[in-house]
Amino acid sequence: MEQSLLLLILDLTGTFAFALNGALTAVRAARVDIVGVIALGMITAMGGGIIRDVMLNTSPATFQDWRYLATAVVGALIAFAFGHRLDRLTMPIEVLDAVGLSFFAVTGAMKAVGFGLGPAQAIILGTITAVGGGTIRDALLGRIPSVLSDGLYAVPAFIGALLAVGASLLGLYGPVTAVIAAAVCFLIRVLGVHFGWNAPVPRAWKQRDRRPPER
């Protein structure tokens with residue numbers, strides 16, 4: 001499989017997963033109509049990629065290929081139409097979020113590598129691609145972005161991007177290593193959600209949490 005085709009497949013899969021997740025979040029968290037649901041789904045799905053492409057000084061891929069827009073709209077419409085049935089499926093929704101996070105971390109990093117950026121810059125852009133859309137969505141909903149508060153979110157994306165870039169530097173990047181990098185990111189995120197793992201927090205937070213409630 002050609003690398004460009006692999007990136008497209010991963011990108012579209014991540015776009016669909018994030019659009020569905022973002023739209024379902026909108027249905028749960030806010031009283032928005034169909035326009036709001038679709039808009040938030042599309043922002044979640046494409047926001048990170050747009051930020052990445054702007055930083056790469058290139059026209060966003062989502063505006064060059066109609067398949068990105070179509071995939072995002074389909075995912076958002078599914079959430080709008082069947083949100084009442086999917087609302088109870090908390091873990092499957094988290095799994096979809098982890099899928100989008102994993103694929104975008106890999107594709108974002110490898111696109112940066114293709115533009116000639118160094119390893120550190122590529123890893124950073126891969127992470128931004130993965131978390132950017134959800135961050136914009138949460139900001140629009142008036143919530144603290146998940147990347148800043150929701151346990152292991154940016155960390156798995158960083159690790160997935162790191163593995164993909166590392167494989168590229170060693171000349172080993174291909175379909176198998178791309179899937180492995182995404183799978184590691186996915187596994188860390190899902191385990192973090194399941195076991196309630198969190199990234200390290202300031203010591204002041206821990207001391208505050210131990211204080212007895214005031215009467």
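Residues numbered from 1 in each chain as written. Predicted model: local features only at pLDDT ≥ 70, side-chain atom pairs only at ≥ 80, totals over all residues. Heavy atoms only, no water.

Caption draft 1: Main features of the packing of helix 7 (residues 154-169) against helix 8 (residues 175-195). Orientation of helix 7 relative to helix 8, taken along the N-to-C sense of each, is 165°, at an axis distance of 8 Å. It follows that helix 7 is roughly antiparallel to helix 8 by the angle criterion. Seen from above, helix 7 lies across helix 8 with right-handed handedness. On helix 8, the residues that touch Pro156, Ala157, Ile159, Gly160, Leu163, Ala164 and Ala167 of helix 7 are Thr177, Ala181, Val184, Cys185, Ile188 and Arg189. (Axes fitted to C-alpha atoms, helices over the stretch in contact; angles between N-to-C directions. Helix = DSSP H or I, 4+ residues; strand = E, 2+ residues; numbered from the N terminus. Parallel < 35°, antiparallel > 145°, perpendicular 65-115°, else oblique. Left-handed = near helix turned anticlockwise from the far one by under 90°. Contact = heavy atoms within 4.5 Å.)

Caption draft 2: Seen up close, the nonpolar core. Phe18, Ala45, Ala72, Leu101, Ala130, Val131 and Ala157 are the most contacted members of the largest nonpolar core, which has 22 residues in total. Other than its neighbours up to four places away in sequence, Ala130 contacts Phe18, Leu101, Phe104, Ala105 and Ala157. Within the second largest apolar cluster, 12 residues are counted, among which are Leu10, Met110, Ala167 and Ala182. (Core = buried A, V, L, I, M, F, W, Y, C linked by side-chain atoms within 4.5 Å. Buried < 20%, exposed > 50% of the residue type's maximum accessible area, 1.4 Å probe, protein only.)

Caption draft 3: Representation of a nonpolar patch on the surface in the model. Taken together, the side chains of Ile34, Val35, Leu77 and Phe80 present a nonpolar region at the surface, about 340 Å² in accessible area. Position of Leu77 among the secondary structure elements: in helix 3 (residues 66-86). (Patch = residues over 30% accessible without salt bridge, like charges linked within 9 Å, V, L, I, M, F, W, Y side chains within 5 Å. Areas by Shrake-Rupley, 256 points an atom, 1.4 Å probe, with all protein chains shown as cover. Salt bridge = Lys/Arg side-chain N within 4 Å of Asp/Glu carboxyl O.)

Caption draft 4: Unusual backbone geometry, seen in detail. A positive phi is found at Asn57, a non-glycine position, where the angle reads about 60°. Mapped onto the elements, Asn57 comes out in the loop between helix 2 (34-55) and helix 3. For Asn57, a relative accessible area of 72% corresponds to the exposed category.

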